[in-house]
Amino acid sequence: MASRLNPYLSFNGKARQAMEFYQSVLGGDLRMNTFGEFGSADQPFADQIMHAMLETSSGFTLMASDTPPGMEYNPGTNITVSLSGDDGDELRGYWQKLAAAGTVHVPLEKQMWGDEFGSLVDQFGIPWMVNISQA
């Protein structure tokens, strides 16, 4: 898979409904995983969406999640730029350049779902996520 850049939306408990709506508008294949599927089964937010991805035949990709407890949710600023793919060298290079003058929130490292992932805010205040898929 080539690297790709796409919007990543955050919701306050409405990611499932929003993504199902966007699928009804745009068509495509929608995949969703809950927080409960990734080790938070006993939490009150277990049924909320940890990650959703809609891919359409037109080449559109839209990702989303519910904001977990303890993280800030601000409507109007609830979008992040997502860089993802399987070319680790390319994506790590982007990460290093974005992080150089930015603020890292989650270091780029292996996560519980098996991929390398990190999040940061660049020097201009734009939030970014980088996910390197593992074989």
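What you are looking at is a predicted structure, and each value in this text was computed from that prediction instead of being measured. (Residues numbered from 1 in each chain as written. Predicted model: local features only at pLDDT ≥ 70, side-chain atom pairs only at ≥ 80, totals over all residues. Heavy atoms only, no water.)

## Concerning the nonpolar core
Where a protein is soluble and globular, its nonpolar side chains tend to be buried together. Here is the rule we go by: Only buried residues count toward a nonpolar core, which is a set of Ala, Val, Leu, Ile, Met, Phe, Trp, Tyr and Cys residues joined through side-chain atoms within 4.5 Å. Relative accessibility decides the category of a residue: with a 1.4 Å probe and only protein chains considered, values under 20% of the type maximum give buried, values over 50% give exposed, and everything between is partly exposed. Secondary structure elements follow DSSP: runs of H or I no shorter than four residues count as helices, runs of E no shorter than two count as strands, and numbering proceeds from the N terminus. By definition, residues are in contact when any of their heavy atoms lie within 4.5 Å.
Within the largest apolar cluster, 11 residues are counted, these being Leu9, Phe11, Ala15, Ala18, Met19, Leu30, Ile49, Ala52, Leu54, Leu62 and Ala64. Where this core is concerned, the elements lending two or more residues are strand E1 (4-11), helix H1 (15-26), strand E3 (49-55) and strand E4 (61-66). Ignoring anything within four residues of it in the chain, the contact list for leucine 62 reads Pro7, Leu9, Met19, Tyr22, Ala52, Met53 and Leu54. Core analysis: the second largest hydrophobic core is formed by 10 residues, Ala99, Leu108, Leu120 and Val130 among them.

## Considering the environment of arginine 92
As a reminder of what qualifies: Here a polar contact means two N or O atoms within 3.5 Å. Within protein one must be a hydrogen donor candidate and the other an acceptor candidate, and residues neighboring in sequence count only if both atoms are side-chain atoms.
Tracing the backbone through its elements, the reader meets arginine 92 in helix H2 (residues 88-100). Sequence separation between arginine 92 and asparagine 131 is 39 residues, and the spatial gap between their C-alpha atoms is 9.4 Å. Every residue in contact with arginine 92, bar those within four places of it in the chain, is listed here: Leu108, Glu116 and Ile132. Only 2.5 Å separates the side chain of arginine 92 from the side chain of glutamate 116, close enough to count as a polar contact.

## What about the sheet that holds strand E2 (residues 29-34)?
Defined as follows: Any two strands between which DSSP finds at least two bridges are classified as paired. Angles shown run from 0 to 180 degrees and are taken between the N-to-C directions of axes, each axis being a line fitted to C-alpha atoms and, for helices, limited to the stretch in contact.
Spatially, E2-E3-E4-E1-E5-E8-E7-E6 is the arrangement adopted by the 8 strands of the open sheet, whose pairing is mixed. The sheet terminates laterally at E2 and strand E6 (103-110), the two strands that pair on one side only. The average angle at which neighbouring strand axes cross in this sheet is 20 degrees, direction not considered. Across 4 bridges, the pairing between E1 and E4 is parallel. From the neighbouring strand, phenylalanine 11 faces E4, where its bridge partner is aspartate 66. Contacting strand E5 (79-85), E6, strand E7 (116-121) and strand E8 (127-132), H2 crosses the sheet at an angle of about 155 degrees to E8.

## Comments concerning the pairing of E3
Remember that side chains alternate between the two faces of the sheet whenever the strand is regular. Within E3, 5 of the 7 residues are buried, leaving the element largely enclosed by the surrounding structure. Pairing of E2 with E3 involves 6 bridges; the strand directions are antiparallel. When the bridges of E3 are listed, methionine 32 appears paired with alanine 52.

## Side note on the environment of lysine 110
Mapping lysine 110 onto the fold places it in strand E6. With relative accessibility at 62%, the residue lysine 110 sits in the exposed group. The sequence separation of lysine 110 and isoleucine 132 amounts to 22 residues, and the corresponding C-alpha distance is 9.0 Å. For lysine 110, the residues in contact, after removing those within four places along its chain, are Asp115 and Glu116.

## Overview of the side chain of serine 65
Tracing the chain through its elements places serine 65 in strand E4. Residue classification places serine 65 among the buried positions, given a relative accessible area of 11%. With residues up to four places along the chain from it excluded, the contact list for serine 65 reads Tyr8, Leu9, Ser10, Phe11, Ala15, Ile49, Met50 and His51.

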